[in-house]
Amino acid sequence: MVMVGKKAPDFTAKAYHNGEFIDVKLSDYLGRWVVLYFYPGDFTFV
């Protein structure tokens, strides 16, 4: 189970960077500070 204060599991996601879509893995940022932001309100029907 994913919980606040615990390590995030490694994942792959699509990202838009410099005019193209790329695959980004959390493990690519190992040893760096990373902020994960999730806001599901933008993707629900209101």
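Placed above this text is the structure.
Quantities reported herein were computed from a predicted structural model and do not represent experimental measurements.

Novice: Even after reading the chapter, I still don't get the overall build of the protein chain, so can you show me in this structure?
Specialist: Helix and strand content of the protein chain: zero helices and two strands. Put simply, the protein chain has 46 residues, and 4% of those count as buried. In the form shown here, the protein chain has an accessible surface area of approximately 5,100 Å², with 61% of it arising from carbon and sulfur atoms.

Novice: Would you mind going over unusual backbone geometry with me for this structure?
Specialist: Most of the time, phi is negative for any residue but glycine, and the peptide bond is trans. Of note in this structure, Asn18 is not a glycine but carries a positive phi near 55°. Here Asn18 lies in the loop between strand S1 (12–17) and strand S2 (20–25). When its relative accessible area of 68% is taken as the criterion, Asn18 is described as exposed.

Novice: Mind showing me how you'd approach the pattern of salt bridges here?
Specialist: Between side chains of opposite charge, pairing is possible as soon as their charged atoms come close. Within the structure shown, the criterion is met by one salt bridge. Between Asp23 and Lys14 there is a salt bridge, and its shortest N-O distance comes to 3.2 Å. Grouping residues by exposure puts Asp23 and Lys14 together as exposed.

Definitions and limits used
- Residues numbered from 1 in each chain as written.
- Predicted model: local features only at pLDDT ≥ 70, side-chain atom pairs only at ≥ 80, totals over all residues.
- Heavy atoms only, no water.
- Helix = DSSP H or I, 4+ residues; strand = E, 2+ residues; numbered from the N terminus.
- Buried < 20%, exposed > 50% of the residue type's maximum accessible area, 1.4 Å probe, protein only.
- Areas by Shrake-Rupley, 256 points an atom, 1.4 Å probe, with all protein chains shown as cover.
- Salt bridge = Lys/Arg side-chain N within 4 Å of Asp/Glu carboxyl O.

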